[in-house]
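Listed here are the chains, written in short residue letters.
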Amino acid sequence: MMMFAIVMPILLIIGILTIMMVVKSMGNVRVKKKFHHKLIIGYLALLVIVLIVAEIMVQNHQMEPPPTVTSSEAGFDLRYAIDQGAPIPERLIAAQRTHEVEGEFSLPKFYRHAYILIERTPEESNTIEETVYKPELLTGFDESGGIYYDLSDQLQIELPIWDSHSMSVPKQPINKIQYTFYHDSNMLNQFTGVQNHGYSSGMVSGVITIHLVIPESVELDIQETGDEYGDYIEFL
Amino acid sequence: MFSTQWSVHELAKRQFLFKFNANGPIFTMLIVLQIISTVFLSGASTSTSSYEDGDTLLSFNYANVSNDGQVGLTLFWAFIVGFLLTSAAQRNESFAFVTNRLTFQLANFYFFCMAALFGGVTTVLLGSVMKIVAIFNDNAIIETSGLFSAPLDFFSQIIAMTAYTLLLMLVGYTLGTFIQFSKLFIALFALIWIAFTQISFGSDSNGLLNFFYGETSILLFILKVLIAIALLFGVSFWVTNRLEVRNP
């Protein structure tokens, strides 16, 4: 704050001196007065043309804004919802599949690209239910109103690969997402009701979550490696 | 006895036209500043952020493009223009006319209105340039409406920008008038500035800035600006009347 109080007057003084010098020197150059008039009219005409071009370009611009979610919907606690059996938003579900396994079921080592929740059911069956949940990617565009852009659909994921004895998690693809937002200055939008407060935050849940419902009759083979691998598998 | 009787308005209008012709470089300066700022800020006003996890599986970059830079620069120019018109050279120019303080002040006010309208219109129109810059980027999302989709919003932007520009000009003009009266006011204004920044920027809901910026009704906003302009203009008129007739 103090910085602003000091820097602003210095900038103003420099600006006043510079503009005074430039205006004075322009007077000495004896530029024809008509030059300034022509420049003003030409500049306005150019800006009007640019306005029309921009409006046509915007009308033809196909890019739809991403879906939005409110702050209450953002950052959904998936782990808690699965544990409690609470409803889970459809937007988070990437795949729901069932798999027949034979004999022992194993999870080969994977490297931090998924979070696996295992739920055992007291059933005599060899069918495993699999639900894959997408990671969330949200960016705040109106934090005062608690509204976020949901860019989760933009994230590419690789589903687990199954065979009759195991499920392996492939290395997830690299996601490089680029967005450009244009908004007019908030000062100009004082009466339009579309003020923005900057894109200062966002959230990402990181990795896919795989929820496996495995009957008690299926024997599990999960190696205790003692490294981080174990941290990404949890029994409910 | 004069064969022609000039009205105050006619005299002020002629003086305004003279000022407009004589101060062409002021408008040219704004055009140059806006072009320079648009060229440089089309890159600089894009802020990029990225989220990356440890394995760089996810990289999310977003860029913000807006006309904040042009708005700030135009307001900066407005303040300086207001200040410039109080210089001794500007005041002495008025002696080329058979005139008085009232017509001199009125001519200045007309000039400010003209300059503010020019600044307001060009700044809003420059937003179109920034829109085009944004569209040429990846996955561009235009969040604000334009002239075709929301004409009322577009014109409200011009009104808001013109009002702020006029306000800043009158603030610069009034401060300049006081400083022309006595250089001691520089120290006083420095103190007032520090107090103002502490009060206005120190809290979210209070302060003089919120008096204008926090207003959501355009009619009330215009009324507030008009009252503020009338006050500033009245004060500067009062001070100017106490200045020497002609400064060296």
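Definitions and cut-offs
Residues numbered from 1 in each chain as written. Chains lettered and ligands numbered in written order. Predicted model: local features only at pLDDT ≥ 70, side-chain atom pairs only at ≥ 80, totals over all residues. Heavy atoms only, no water. Helix = DSSP H or I, 4+ residues; strand = E, 2+ residues; numbered from the N terminus. Buried < 20%, exposed > 50% of the residue type's maximum accessible area, 1.4 Å probe, protein only. Contact = heavy atoms within 4.5 Å. Areas by Shrake-Rupley, 256 points an atom, 1.4 Å probe, with all protein chains shown as cover. Axes fitted to C-alpha atoms, helices over the stretch in contact; angles between N-to-C directions. Left-handed = near helix turned anticlockwise from the far one by under 90°. Nonpolar A, V, L, I, M, F, W, Y, C, P; charged D, E, K, R; others polar. Expected span 1.5 Å × (residues − 1). Phe/Tyr/Trp six-rings, centres within 6.5 Å; stacked < 30°, edge-to-face > 60°. Lys NZ or Arg CZ within 6 Å of the ring centre and 35° of its normal. Core = buried A, V, L, I, M, F, W, Y, C linked by side-chain atoms within 4.5 Å. Pairing = 2+ DSSP bridges. UniProt positions renumbered as here; feature names shortened; annotations may be inferred. Salt bridge = Lys/Arg side-chain N within 4 Å of Asp/Glu carboxyl O. pLDDT = per-residue confidence, 0-100.

(A) Summary view of the overall build of chain B. Scanning chain B from terminus to terminus reveals nine helices and three strands. Put simply, chain B runs from its N terminus to its C terminus through helices and strands in the order α-α-β-β-α-α-α-β-α-α-α-α. Across the 248 residues of chain B, 48% fall into the buried class. Considering only contacts in chain B between residues 6 or more positions apart, those separated by 24 or more positions represent 76%. In the structure as shown, chain B presents an accessible area of about 11,500 Å², 70% of it carried by carbon and sulfur atoms.

(B) Structural detail: the packing of helix α5 (residues 101–135) of chain B against helix α9 (residues 218–240) of chain B. Residue and element names in this part refer to chain B. Remark: α5 packs on α9, axes separated minimally by 11 Å, with the N-to-C direction vectors making an angle of 140°. α9 is crossed by α5, and the crossing has right-handed handedness. Two secondary-structure elements touch here, α5 through Arg101, Leu102, Phe104, Gln105, Leu106 and Phe109 and α9 through Ile229, Phe233, Ser236, Phe237 and Thr240. Here the residues of the contact of α5 with α9 are counted per class, giving seven nonpolar, three polar and one charged.

(C) Quick peek at α9 of chain B. All names here are of chain B. The end-to-end C-alpha separation of α9 is 32 Å, in line with the 33 Å expected for 23 residues at 1.5 Å each. For α9, every residue scored as buried is listed here: Phe221, Lys224, Val225, Ala228, Ile229, Phe233, Ser236, Val239 and Thr240. Contacts made by the buried residues of α9 are with α5, α6 (151–181) and α8 (208–213).

(D) Quick look at the environment of Leu159 of chain A. Residues and elements named next belong to chain A. With respect to the helices and strands, Leu159 occurs in the loop between β7 (147–150) and β8 (161–162). Once the C-alpha coordinates of Leu159 and Lys38 are considered, the two residues, 121 residues apart in sequence, prove to be 64 Å apart. In this structure, Leu159 is in contact with Ala95, Arg97, Val132 and Pro170, ignoring residues within four places of it in sequence.

(E) Focus on the packing of aromatic side chains. Residue and element names in this part refer to chain B. By the definition in use, this model includes 14 aromatic pairs over all chains. Centroid distance Phe154 to Phe155: 5.6 Å. Interplanar angle 80°. Geometry classified as edge-to-face. Among the residues examined, Phe154 registers a relative accessible area of 9% and is labelled buried. The side chain of Lys224 reaches across the aromatic face of Phe211, ending 4.3 Å from its centre.

(F) Here's a closer look at the nonpolar core. Counting residues in hydrophobic clusters, the biggest one holds 49 residues, and the most contacted among them are Trp77, Phe112 and Met169 of chain B. Not counting chain neighbours up to four residues away, the residues in contact with Met169 of chain B comprise Trp77, Ala78, Val81, Gly82, Phe112, Ala115 and Ala116 of chain B. By size, the runner-up hydrophobic cluster in this structure holds 18 residues, among which are Ile116, Trp162, Ile208 and Ile233 of chain A.

(G) Broad picture of α5 of chain B. Given a rise of 1.5 Å per residue, 35 residues ought to cover 51 Å, and the 51 Å separating the end C-alpha atoms of α5 of chain B matches this to within 8%. Across the 35 residues that make up α5 of chain B, a large majority, 26, are buried.

(H) Summary view of the sheet that holds strand β4 (residues 114–121) of chain A. Residue and element names in this part refer to chain A. Spatial ordering of the open sheet is given by β2-β5-β12-β4-β14, a layout of five strands whose pairing is mixed. The open sheet terminates on both sides in strands that have one partner only, identified here as β2 (93–100) and β14 (233–235). The mean inter-strand angle of the sheet, taken between neighbouring strand axes irrespective of direction, is 20°. Two strands pair when backbone bridges link them, and β2 and strand β5 (residues 127–133) are joined in this way by seven bridges, in the antiparallel orientation. Paired with Arg97 across the bridge in β5 is Glu130.

(I) Representation of the pairing of β4 of chain A within the structure. All names here are of chain A. Note: β4 against strand β12 (residues 208–215), eight bridges, orientation parallel. Across the sheet, residue Ile116 finds its bridge partner in β12, namely Ile210. By the bridge criterion, three bridges tie β4 to β14 in an arrangement that is parallel. Its bridge partner lying in β14, Ile116 is registered against Ile233.

(J) Structural context of the side chain of Thr131 of chain A. Inspection of the secondary structure assignment puts Thr131 of chain A in strand β5. The residues contacting Thr131 of chain A, other than those within four sequence positions of it, are Ile93, Ala95, Gln96, Thr209, Ile210 and His211 of chain A.

(K) Structural context of the environment of Met114 of chain B. Residues and elements named next belong to chain B. Mapping Met114 onto the fold places it in helix α5. Judged by its relative accessible area of 33%, Met114 falls in the partly exposed class. Once residues within four sequence positions are removed from consideration, Met114 is found in contact with Phe16, Phe20 and Phe27.

(L) Just the UniProt feature "transmembrane region" (unreviewed entry) in chain B, in detail. As recorded in UniProt, the sites labelled "transmembrane region" (unreviewed entry) are residues 20–41, 71–89, 109–134, 154–175, 184–203 and 218–239 of chain B. Helix makes up 100% of residues 218–239 of chain B and strand 0%, and the two end C-alpha atoms of the span are 31 Å apart.

(M) Main features of the pattern of salt bridges. All names here are of chain A. Counted under the stated rule, the structure contains seven salt bridges over all chains. Asp83 serves as the salt-bridge partner of Arg79, at 3.7 Å between the closest nitrogen and oxygen. One end of the pair, Arg79, and the other, Asp83, are both in helix α3 (residues 78–84), four residues apart, so they sit about a helical turn from each other. Overall, the relative accessible area of 41% leaves Asp83 in the partly exposed class. Among the salt bridges present, the one from Asp153 reaches Lys134, with a minimum N-O distance of 2.8 Å.

(N) Fine view of the confidence of the model for chain A. In this model, chain A carries an average pLDDT of 77, and 75% of its residues clear a pLDDT of 70 or more. Between the elements of chain A, mean pLDDT differs from a low of 61, seen in strand β11 (residues 202–204) of chain A, to a high of 90, seen in β5 of chain A.

(O) Representation of the UniProt feature "transmembrane region" (unreviewed entry) in chain A in the model. Those places that UniProt annotates as "transmembrane region" (unreviewed entry) correspond, in this numbering, to residues 6–27 and 39–58 of chain A. Each end of residues 39–58 of chain A is marked by a C-alpha atom, and these two atoms are 28 Å apart; helix forms 100% of the span and strand 0%.

(P) Summary view of the pairing of β12 of chain A. All names here are of chain A. Most of β12 sits out of view: eight of its eight residues are buried. A two-sided burial pattern is seen for β12, the buried positions comprising Ile208, Ile210, Leu212 and Ile214 on one face and Thr209, His211, Val213 and Pro215 on the other. Two elements, β5 and β12, share five bridges in a ladder whose sense is antiparallel. Of the residues in β12, the one forming a bridge with Val132 is Ile210.

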